[in-house]
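Spelled out from the first residue to the last, the chains are:
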Amino acid sequence: MKIALALIISAFAFVASSAQSLSQTSIVVGANDLARPRRVAEPAKPSTPTPERVAELEREIFDLLNAKRKERGLSPLVWSDSVAAVAKEHSVDMAVMGYFSHKDMSGRYVSDRADSMGLKKWRAIGENIAFNRGFSDPLTRTVELWMNSTSHRQNLLDDHWKESAVGIAVADDGSYFFTQIFLDKK
């Protein structure tokens, strides 16, 4: 019994050390063979939506967010293409540069980014951002995350916001980056 146990332990030690040195291998244990490293295909990369589909998703999540406002008796936000450009730019920047923050890699916040893109006539500006990966419905998940966060929910349900838009970017690994910007013009 002790000998059989020692053989099993040494077999697992061999498999573990061999597997660690092989790239892209997995240990597969069959019913009739010992554990041995075998090459397996890399998992399929998640498909990224086309730019046209991303534009549709931006409008879809915007409608979902306005539905949350309507449920609470608030007027809907009006979509603004100029606000959408600022939101999209930030989402794309986060996806490409691999970060998640209200402050971009140049140290600019939403007010700075809006001003630099020519969106200067505003009294107040706000921003919600979200990141998720691996959800079958990333839009619904993002709305849930924002509604479950006090500060994000306050932004979304604030009745002084009049204009808004959502920009979405999808990274190569399937990560979704969302930016919603709220605007009250002068």
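Quick look at the structure, then. (Residues numbered from 1 in each chain as written. Predicted model: local features only at pLDDT ≥ 70, side-chain atom pairs only at ≥ 80, totals over all residues. Heavy atoms only, no water.)

**Some details on the packing of aromatic side chains**
Within the structure shown, the criterion is met by five aromatic pairs. Centre to centre, the rings of Phe62 and Trp79 are 5.0 Å apart; their planes meet at 90 degrees, and the pair counts as edge-to-face. Note that Phe62 is positioned in helix α2 (residues 51–71) and Trp79 in strand β3 (residues 78–79), a separation of 17 residues in sequence. Residue Trp79 is classed as buried on the basis of its relative accessible area of 17%. Taken together, the ring pairs in this structure connect Phe100, Phe131 and Phe177 into an aromatic cluster. (Phe/Tyr/Trp six-rings, centres within 6.5 Å; stacked < 30°, edge-to-face > 60°. Helix = DSSP H or I, 4+ residues; strand = E, 2+ residues; numbered from the N terminus. Buried < 20%, exposed > 50% of the residue type's maximum accessible area, 1.4 Å probe, protein only.)

**A look at the pairing of strand β5 (residues 163–170)**
Within β5, eight of the eight residues are buried, which leaves the element mostly enclosed by the surrounding structure. Burial of β5 is two-sided: the residues Glu163, Ala165, Gly167 and Ala169 facing one way and the residues Ser164, Val166, Ile168 and Val170 facing the other way are all buried. Here β3 runs beside β5; their pairing, made up of two bridges, is parallel. Across the sheet, residue Trp79 finds its bridge partner in β5, namely Ser164. Alignment of β5 against strand β6 (residues 176–185), held across eight bridges, turns out to be antiparallel. Looking at the pairing, Ala165 lines up with Ile181 of β6. Taking the residues that link successive antiparallel strands as the turn, the β5-β6 hairpin has five residues, and the phi of Gly174 there is positive, at about 90 degrees. (Pairing = 2+ DSSP bridges.)

**Concerning the side chain of His90**
Looking at the secondary structure, you find His90 in helix α3 (residues 81–97). A distance of 3.5 Å separates polar atoms of two side chains, one belonging to His90 and the other to Arg113. If sequence neighbours within four positions are ignored, His90 has contacts with Tyr99, Ser101, His102, Asp104, Arg113, Glu127, Ile129 and Thr179. (Polar contact = N/O pair within 3.5 Å; in protein donor to acceptor, adjacent residues only side chain to side chain. Contact = heavy atoms within 4.5 Å.)

**Focus on the pattern of salt bridges**
Under the criterion given, the structure shown has twelve salt bridges. The closest approach of N and O atoms between Arg53 and Glu56, which form a salt bridge, is 3.0 Å. Of the two residues, Arg53 and Glu56 are both situated in helix α2; the distance of three residues between them amounts to about one turn of the helix. Glu56 sits in the partly exposed class, given a relative accessible area of 43%. For Arg133, the salt bridge goes to Asp173, with nearest N and O atoms at 2.8 Å. Note that Arg133 is positioned in the loop between β4 (122–132) and α5 (138–147) and Asp173 in the loop between β5 and β6, a separation of 40 residues in sequence. Shared partners join several salt bridges into a network, and the residues in it are Arg53, Glu56 and Glu60. (Salt bridge = Lys/Arg side-chain N within 4 Å of Asp/Glu carboxyl O.)

**A closer look at the side chain of Arg113**
Position of Arg113 among the secondary structure elements: in helix α4 (residues 110–116). If sequence neighbours within four positions are ignored, Arg113 has contacts with Val86, Glu89, His90, His102, Asp104, Arg108 and Glu127.

**A word on the sheet that holds β4**
The strand order β3-β5-β6-β4 describes an open sheet built from four strands, whose pairing is mixed. Both outer strands of the open sheet, β3 and β4, are each paired with one neighbouring strand and no more. Relative to the sheet, α5 contacts β4, β5 and β6, its axis offset from that of β4 by approximately 120 degrees. Sitting on the sheet, helix α6 (residues 150–157) is in contact with β4 and β6, with an inclination near 130 degrees to β4. (Axes fitted to C-alpha atoms, helices over the stretch in contact; angles between N-to-C directions.)

Keep in mind these numbers describe shape, not what the thing actually does.
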